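Listed below, chain by chain, are the residues.
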Amino acid sequence: MGRLSLRNPLATPDQIAASPSQRQGMPSEVEADLRAYGCHLIQAAGTVLRLPQPVMATAQVLLHRFYYLASLYAFPLRGIVLGALFLACKAEESPQPIRSIINVVDIMVKRDRGYPEVVTDGYDSEYYELKNEMIIGEIQILRHLAFNVQVELPYGLLVNYLRSLELTEQPRVPQLAWNYLNDLLRTPVYVCFQPETIACGAIFLAAHTCNVALPTAPPWWAVFDASEEDVLTVAKAIRALYLHRSPCTMPLSGRELEIYLDGKLDQYIANVRQEKWDAHKSELAQPPEAPASRSGDTGDGSAKRGHVEHPDDRARPKSRRESKEPPQRRRHAGTSRSRDAKSSNGSHRPR
């Protein structure tokens, strides 16, 4: 994964067999669930932000690439999710405000955990903590991937392959194959195979599900530079994804990861949920604060709106607009000229 190329960098067999997280003692099932939940957050947040599908797909592929080079123990999930989505928006030329990305991802997490869906105001400590995690996550992704964030996706290839196989008129095959590509983003398939193989695997499983025959003489996958073994592997990965049910929520920070590995994450989330709801109800029960009195208020409502008295206001002279004296009447220059003109023409007769 170190050489820069227009082709997608793939994980090595050693990385696939034992990722950095697994080498530090994390079970492979836990890592798969963490990856899937991170991709779920990216997809859900991108849908709310109305991002194009290539942006969300690129962010999920970057997340999988990163965790084949770094450990989940060293870099918790939430910061990498925020950093990958922020980086993908820039790489795919669909920039989004930092605050929008942070607020949407935070709301998705709160909704999954049953917390009050309160949007951060952008000035509290929670917002700045999330912003710091996002910036660090983006920097770490760029550093570990050597700034190679180019991602080739199989969506365009899928459309061309369906047209070549004359499957575009089928009622279910095109949409089913497209759904398979989206669901495969939650698995490491996109960093293990090239886009041609992934597209062929989605077409194979969609045609098999709809009982649609595909040409075998010559084999259709060979025309698209894919091998039968790899196509079957991708199809099995799709079936396995539907057979396994991932947890509704997963740890997002280093502390939560330790609690999760001890089997106490559900109790921890329940306690935090109760605390947050109690605090939210107490805030709603408090009466609204009265506006602070402004300087210059005499109590009779005669204070000027929007005017804040400066300490040096008494020392400096008041302008004509601020003074209560009416402005002096300015003589019109044309009046004297008209009088002079009348006198010169003899219209003014002496008595």
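Parameters and conventions
Residues numbered from 1 in each chain as written. Predicted model: local features only at pLDDT ≥ 70, side-chain atom pairs only at ≥ 80, totals over all residues. Heavy atoms only, no water. Phe/Tyr/Trp six-rings, centres within 6.5 Å; stacked < 30°, edge-to-face > 60°. Helix = DSSP H or I, 4+ residues; strand = E, 2+ residues; numbered from the N terminus. Buried < 20%, exposed > 50% of the residue type's maximum accessible area, 1.4 Å probe, protein only. Axes fitted to C-alpha atoms, helices over the stretch in contact; angles between N-to-C directions. Parallel < 35°, antiparallel > 145°, perpendicular 65-115°, else oblique. Left-handed = near helix turned anticlockwise from the far one by under 90°. Contact = heavy atoms within 4.5 Å. Salt bridge = Lys/Arg side-chain N within 4 Å of Asp/Glu carboxyl O. Core = buried A, V, L, I, M, F, W, Y, C linked by side-chain atoms within 4.5 Å. Nonpolar A, V, L, I, M, F, W, Y, C, P; charged D, E, K, R; others polar.

Attention shifts here to the packing of aromatic side chains. Counted under the stated rule, the structure contains eight aromatic pairs. With centroids separated by 4.7 Å and ring planes inclined at 45 degrees, the aromatic side chains of Tyr-155 and Trp-178 adopt a geometry described as tilted. Of this pair, Tyr-155 sits in helix α8 (residues 155–164) while Trp-178 sits in helix α9 (residues 173–184), and the two are 23 residues apart along the sequence. Note on Tyr-155: relative accessible area 7%, which makes it buried. Between the aromatic rings of Tyr-161 and Phe-224, the centroid separation amounts to 3.9 Å while the plane-to-plane angle is 15 degrees, which identifies the pairing as stacked. Residue Tyr-161 is found in helix α8, and its partner Phe-224 is found in the loop between α11 (220–223) and α12 (228–243); the two are separated by 63 residues along the sequence. Of the two residues, Tyr-161 and Phe-224, both sit in the buried class. Of the aromatic side chains, those joined through ring pairs into one cluster are Tyr-161, Trp-220, Trp-221 and Phe-224.

Turning our attention to the packing of α9 against helix α10 (residues 195–209). Where α9 contacts α10, the axes come no closer than 8 Å and their chain directions differ by 130 degrees. For the element pair α9 / α10, the angle class is oblique. Considering how the two elements wind past one another, α9 and α10 form a crossing that is right-handed. Contact residues: α9 offers Val-173, Leu-176, Ala-177, Tyr-180, Leu-181 and Leu-184, while α10 offers Ile-198, Ala-199, Ala-202, Ile-203, Leu-205, Ala-206, Ala-207 and Thr-209.

Throughout the structure, instances matching the rule amount to eight salt bridges. For Lys-110, the salt bridge goes to Asp-106, with nearest N and O atoms at 3.0 Å. Of this pair, Lys-110 and Asp-106 both sit in helix α6 (residues 98–113), four residues apart, roughly one helical turn. Taken together, the shared-partner salt bridges in this structure form one network comprising Asp-106, Lys-110 and Glu-126.

Structurally, Thr-197 is set in helix α10. Setting aside residues no more than four positions away along its own chain, Thr-197 makes contact with Ala-226, Asp-230, Val-231 and Val-234.

Turning to unusual backbone geometry, a few remarks are in order. Trans peptide bonds make up most of the peptide bonds, and negative phi angles are found at most residues other than glycine. The step from Ala-217 to Pro-218 runs through a cis peptide bond, and the omega angle for that step is -5 degrees. Relative to the assigned elements, Pro-218 resides in the loop between α10 and α11. Phi at Ala-146 is positive, roughly 55 degrees, even though this residue is not glycine. Although it is not a glycine, Phe-147 adopts a positive phi angle of roughly 65 degrees. With respect to the secondary-structure elements, Phe-147 resides in the loop between α7 (125–144) and α8.

Now for the nonpolar core. Of all hydrophobic cores here, the largest spans 91 residues; its most connected members are Leu-77, Ile-101, Tyr-190 and Ile-203. Looking at this core element by element, the count peaks at ten residues for helix α5 (residues 77–91).

Two elements in contact, α8 and α9, have axes whose closest approach is 11 Å; the angle formed by their N-to-C orientations is 155 degrees. Taken together, α8 and α9 sit at an angle that is classed as roughly antiparallel. Every pair of crossing elements has a handedness; the one defined by α8 and α9 is right-handed. Together, Tyr-155, Leu-158, Val-159 and Leu-162 of α8 and Val-173, Pro-174, Ala-177, Trp-178, Leu-181 and Asn-182 of α9 make up the contact between the two elements. Taken together, the residues of the contact of α8 with α9 break down into nine nonpolar, one polar and no charged.

Turning to the environment of Val-55, a few remarks are in order. Structurally, the position occupied by Val-55 is in helix α4 (residues 53–67). Taking the C-alpha atoms as reference points, Val-55 and Leu-87, separated by 32 residues in sequence, lie 9.3 Å from one another. Beyond its immediate chain neighbours, meaning those up to four positions away, Val-55 contacts Ala-88, Cys-89, Glu-92 and Ser-94.

The subject of this paragraph is the environment of Asn-148. Tracing the chain through its elements places Asn-148 in the loop between α7 and α8. On the basis of relative accessibility, which here comes to 7%, the residue Asn-148 falls in the buried class. Counting along the chain gives 140 residues from Asn-148 to Asn-8, while the straight-line C-alpha distance between them is 9.6 Å.

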